[in-house]
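Letter by letter, the chains look like this.
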Amino acid sequence: MREDTSALSVQAERLFLDGHSAERTGAETVAVRDSRGCTYRVNTLFRTCDCRSEGACVHLLGYARLLSDQQAYEEAQVTALEAQFDDWGLSMENDRTERILREMGACEF
């Protein structure tokens, strides 16, 4: 049983690297999306997840690290873009990204 727990902990630490993403949807809820697109709701207050796994859950164990890893990655991207572009260049890059997302149908602007 101890090996299972440590394997689960390793999986929980690797959620971001394995293609998961997360977003806060409320004061105590987080939506965790896996690399296949399945979304699981984690309640951080009551320590529950709707993934229906038996026993410990990788989403519950890893959501905080996942949110932290995502934020660090996004901050690194912003820093890299700011180093590469001036204010006008950032505006143009933002416009290009919005156009690509709109054409893909990923989101509406």
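Each value, and the rule that gives it
Residues numbered from 1 in each chain as written. Predicted model: local features only at pLDDT ≥ 70, side-chain atom pairs only at ≥ 80, totals over all residues. Heavy atoms only, no water. Helix = DSSP H or I, 4+ residues; strand = E, 2+ residues; numbered from the N terminus. Rg over C-alpha atoms; globule rule 2.2 N^0.38 Å. Buried < 20%, exposed > 50% of the residue type's maximum accessible area, 1.4 Å probe, protein only. Contact = heavy atoms within 4.5 Å. Areas by Shrake-Rupley, 256 points an atom, 1.4 Å probe, with all protein chains shown as cover. Lys, Arg positive; Asp, Glu negative; His and termini not counted. Charge placed at Lys NZ, Arg CZ, Asp CG, Glu CD. Salt bridge = Lys/Arg side-chain N within 4 Å of Asp/Glu carboxyl O. Core = buried A, V, L, I, M, F, W, Y, C linked by side-chain atoms within 4.5 Å.

### Quick word on the overall build of the protein chain
Consideration 1: From N to C terminus, the protein chain includes 3 helices and 4 strands.
Consideration 2: Along the protein chain, helices (α) and strands (β) appear in the sequence α-β-β-β-β-α-α when read from the amino end.
Consideration 3: The globule rule puts the C-alpha radius of gyration for 109 residues at 13 Å, and the 17 Å found for the protein chain is more than 25% above it.
Consideration 4: The 109 residues of the protein chain split such that 23% are buried.
Consideration 5: Intrachain contacts of the protein chain at a sequence separation of at least 6 include 33% that bridge at least 24 residues.
Consideration 6: For the protein chain, the accessible area works out to roughly 8200 Å², and carbon and sulfur atoms hold 50% of it.
Consideration 7: Taken together, the 12 basic and 20 acidic charged side chains of the protein chain have centroids lying 6 Å from each other.

### Remarks on the pattern of salt bridges
Consideration 1: For the structure on display, the rule yields 5 salt bridges.
Consideration 2: Close ionic contact of Glu103 with Arg99 constitutes a salt bridge, the shortest N to O distance being 3.9 Å. With Glu103 and Arg99 both in helix H3 (residues 87–104), this residue pair falls 4 residues apart, about one helical turn.
Consideration 3: On the basis of relative accessible area, Glu103 is assigned to the exposed category, the value being 60%.
Consideration 4: Classification of Arg99 by relative accessible area gives partly exposed; the value is 40%.

### Let's talk about the nonpolar core
Consideration 1: Ranked by size, the top nonpolar core spans 13 residues in total, and within it Ala22, Val30, Val32, Val42 and Tyr63 carry the most contacts.
Consideration 2: Among the secondary structure elements, those contributing two or more residues to this core are helix H1 (2–13), strand E2 (29–33) and helix H2 (58–84).
Consideration 3: By residue number, the principal contributor to this core is H2, which donates 5 residues.
Consideration 4: Setting aside residues up to four positions removed in sequence, Val42 forms contacts with Glu28, Thr29, Val30, Val32, Thr48, Cys49, His59, Leu60 and Tyr63.

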